[in-house]
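Commentary on secondary and tertiary structure
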There are 2 protein chains.
Amino acid sequence: MTRIRERNRAIILIAASEEFARKGFAAARTKDIAARAGVPKPSVYYYFENKESLYADVLESVIGPLLQASEYFHKDCIPMQVLTCFIRARVQLARDLPFALKVLVSEIMHGGERLRPEQIDRISRQELYNVACLQTWIDRGQIAPIEPRHLLFTIFAASQNYLDLEWQVTSHTSDGLPGDVCYEAITQNLLRMVLKACEPDVTEPQGEARALTIEQ
Amino acid sequence: MTRIRERNRAIILIAASEEFARKGFAAARTKDIAARAGVPKPSVYYYFENKESLYADVLESVIGPLLQASEYFHKDCIPMQVLTCFIRARVQLARDLPFALKVLVSEIMHGGERLRPEQIDRISRQELYNVACLQTWIDRGQIAPIEPRHLLFTIFAASQNYLDLEWQVTSHTSDGLPGDVCYEAITQNLLRMVLKACEPDVTEPQGEARALTIEQ
DNA sequence: GTCTATAAGCCGATAGAC
DNA sequence: GTCTATCGGCTTATAGAC
């Protein structure tokens, strides 16, 4: 039966996400992953090819939802609305898949060498599209001239700072996960920072900016 | 002679910074650190107690300069000037000690378990002081009510995104380090984001904010 | 599908010659 | 101080019984 297979794969994948999130790929032990999942170690190798494959599958579990958060990006939508939806989706992703997202952020921060070429490709394409979108808005004068990749990276890193601050005394629920208050606060702070920063300077409009802004 | 000792320690420390920055503590090999430093592996253990001690010393090499960047924080200084100096100092630190800083950021993002208690203490104290400073400004209405720790973390993470974007095609110098243009762009973007976000809303001043703002 | 018992190899750390 | 040669422990991964 394939039902039991799917279930066990899911259980191991979640355990792996947590172990990889806490210790990183190299330091995480398959023994600990198995223990956390409540299965003997060989089961991990029965359901996954090896440790690297398991790691790549953890990354895969979050890449789809991550890219989906970018679906709001369209050149002809209102920039502030797009950014608002985008940031909300990203923070919600951090709430839904905190560990897997942390693994991905850490992986990208370390060069992405363990991402499959196809995964790198999908992320890069989306990134390029989002950058092009932001650049268009900048050229039109709809948003301030902020380097698009820096902006996207800041959102990427900040959207999950809920977990990165856990080593300090913060408000946590009993099971060790940050409470909803925390997520809403992060959303509000990030929204404010990004939207304020992106507000175009009315004192120095760029070229044809005026006319196009009115069209919008 | 202690001169040769200091020199070799420094060489190994730099090599270790680079290896730890690229691979993390667990994945970095002392063999590779020795090779990068151009010394045989036992020399690493002659000059440092063990791998963990070497790692802690790498962190130590950047904690001092990191805390020094906070020297501008004083309750009675002008918030925007403090933040400007602080951000400039942080980005400059990222230029001066890119690898060691990356190790520290990664370490803190993973819970700081490998920081010595005394190192955690120093960082926490400075953090608490900076947070208190920001909170005072918020209470006085001098800056917008942005959660101080989120703001500090965003600056912390964003100030070194030069290296985190290296897996994409960016402008690098021949030796693989980002050029100065990149640093200035990061500084400008970060300054804009933070300063804009911190501008107090004149439309909704808080309580005694007016009077105190004028005093300043 | 599940699990015990073990193989094979790598890595941190050191002994000891120079 | 410097380096070769090696040990001991730990980890991934699997063989093979149930």
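Here's a quick rundown of the structure. (Residues numbered from 1 in each chain as written. Chains lettered and ligands numbered in written order. Predicted model: local features only at pLDDT ≥ 70, side-chain atom pairs only at ≥ 80, totals over all residues. Heavy atoms only, no water.)

1. Focus: the overall build of chain A
Secondary structure assignment for chain A yields eleven helices and zero strands. Tracing chain A from N to C terminus, the helices and strands come up as α-α-α-α-α-α-α-α-α-α-α. Taking as baseline every contact in chain A between residues at least 6 positions apart, the subset at least 24 positions apart corresponds to 71%. Of the accessible surface of chain A, which amounts to about 10300 Å², a share of 54% is contributed by carbon and sulfur atoms. (Helix = DSSP H or I, 4+ residues; strand = E, 2+ residues; numbered from the N terminus. Contact = heavy atoms within 4.5 Å. Areas by Shrake-Rupley, 256 points an atom, 1.4 Å probe, with all protein chains shown as cover.)

2. Observations regarding helix α2 (residues 30-37) of chain A
All names here are of chain A. Of the residues making up α2, those classed as buried are T30, I33, A34 and A37. When α2 is viewed along its axis, its buried side chains cluster within an angular range of 95° and face the same direction. The outward face of α2, more than 90 degrees from its buried face, is lined by the exposed residues K31 and A35. Buried-residue contacts for α2 involve α1 (2-27), α3 (41-47) and α4 (51-68). (Buried < 20%, exposed > 50% of the residue type's maximum accessible area, 1.4 Å probe, protein only. Arc of directions from axis to C-beta.)

3. Digging into the relation of the copies chain B and chain A
Least-squares fitting of chain B to chain A yields an RMSD of 0.1 Å, with the transformation described by 0.0 Å of translation along the axis and a rotation of 180°. Taken together, the turn and the small shift mark the pair as related by a two-fold rotation axis. Interface overlap between copies is the fraction of interface residues in one copy that are interface residues in the other; for chain B against chain A it reaches 95%, indicating a shared surface. (Least-squares fit on C-alpha atoms with pLDDT ≥ 70 in both.)

4. Quick word on the nonpolar core
Generally speaking, a soluble globular protein has its nonpolar side chains buried in company with each other. Core analysis: the biggest nonpolar cluster contains 74 residues, and F20(A), L54(A), L104(A), F20(B), L54(B) and L104(B) have the highest contact counts within it. Setting aside its immediate chain neighbours within four residues, L54(A) contacts I12(A), L13(A), A16(A), F20(A), I33(A), V44(A) and F48(A). Judged by nonpolar contacts, the second largest core, of 54 residues, contains V131(A), W137(A), V131(B) and A144(B). (Core = buried A, V, L, I, M, F, W, Y, C linked by side-chain atoms within 4.5 Å.)

5. Brief notes about the packing of helix α4 (residues 51-68) of chain B against helix α7 (residues 117-140) of chain B
All names here are of chain B. Running from N to C, α4 and α7 cross one another at 20°; their axes reach a closest spacing of 11 Å. Here α7 runs roughly parallel to α4, going by the angle between their axes. For the element pair α4 and α7, the recorded crossing hand is left-handed. In contact with A56, L59, E60, I63 and L67 of α4, α7 contributes Q119, R122, I123 and Q126. (Axes fitted to C-alpha atoms, helices over the stretch in contact; angles between N-to-C directions. Parallel < 35°, antiparallel > 145°, perpendicular 65-115°, else oblique. Left-handed = near helix turned anticlockwise from the far one by under 90°.)

6. Looking at the interface of chain B and chain A
With 43 residues of chain B in contact, the opposing surface of chain A contributes 41 residues. In this assembly, chain B packs against chain A so that about 4000 Å² is buried in total across both faces, 61% of it on carbon and sulfur atoms. At the boundary of chain B with chain A, the tally comes to four salt bridges. Here K196(B) and D201(A) are joined by a salt bridge, their closest N and O atoms 3.3 Å apart. Where chain B packs against chain A, one counts 16 residue pairs in polar contact (both at pLDDT 80 or more). Looking at the side of chain B that touches chain A, the elements that each hand over two or more residues are α1 (2-27), α6 (98-109), α7, α8 (148-158), α9 (161-164) and α10 (180-198) of chain B. (Buried area = accessible area lost by both parts, 1.4 Å probe. Salt bridge = Lys/Arg side-chain N within 4 Å of Asp/Glu carboxyl O. Polar contact = N/O pair within 3.5 Å; in protein donor to acceptor, adjacent residues only side chain to side chain.)

7. Quick notes on the layout of surface pockets
Rolling a probe over the atoms, with the probe sized like a water molecule, indicates the empty space that remains. When its volume is computed, the largest pocket comes out at roughly 890 Å³. Forming the walls of the largest pocket are 34 residues, and the residues nearest its centre are K23(A), G24(A), F25(A), G24(B) and H110(B). Every element with two or more residues in the lining of the largest pocket is listed here: α1 and α6 (98-109) of chain A together with α1 and α6 of chain B. Among the elements that line the lining of the largest pocket, the one with the most residues is α1(A), at eight residues. (1 Å grid on protein atoms, 1.4 Å probe; cavity = no way out; pocket = protein on both sides within 12 Å on 5 of 7 lines; lining within 4 Å. Points joined across faces, edges and corners; volume = space filled by probe spheres on them.)

8. Remarks on the environment of Y46(B)
All names here are of chain B. Mapping Y46 onto the fold places it in helix α3 (residues 41-47). Under the relative-accessibility criterion, Y46 is labelled exposed at 58%. As for Y46 and R9, which are separated by 37 residues in sequence, their C-alpha atoms are 9.6 Å apart.

9. Focus: the pattern of salt bridges
All told, the structure shown has 26 salt bridges over all chains when counted by the stated rule. Of the charged contacts, one joins R9(A) and D57(A) as a salt bridge, the two residues approaching to 3.4 Å between their closest N and O atoms. Taken together, the residues span a long stretch of sequence, with R9(A) in helix α1 and D57(A) in helix α4 at a distance of 48 residues. On the basis of relative accessible area, R9(A) is assigned to the partly exposed category, the value being 25%. For the salt bridge of R122(B) with E118(B), the shortest nitrogen-to-oxygen distance reads 3.0 Å. Linking R122(B) with E118(B), this pair stays in helix α7, spanning four residues, or about one helical turn. Judged by relative accessible area, which is 42%, E118(B) ranks as partly exposed. The network of salt bridges with shared partners includes E18(A), E19(A), K23(A), D32(A) and R36(A).

10. Here we look at the packing of aromatic side chains
By the definition in use, this model includes twelve aromatic pairs over all chains. Considering the side-chain rings of Y46(A) and Y47(A), the 5.0 Å spacing of their centres and the 85° angle between planes classify their relative orientation as edge-to-face. Between the aromatic rings of F73(B) and W137(B), the centroid separation amounts to 6.0 Å while the plane-to-plane angle is 15°, which identifies the pairing as stacked. Residue F73(B) is located in the loop between α4 and α5 (79-96), and its partner W137(B) is located in helix α7; the two are separated by 64 residues in the primary sequence. One aromatic cluster is present, built from ring pairs that chain together F20(A), F25(A) and Y55(A). (Phe/Tyr/Trp six-rings, centres within 6.5 Å; stacked < 30°, edge-to-face > 60°.)

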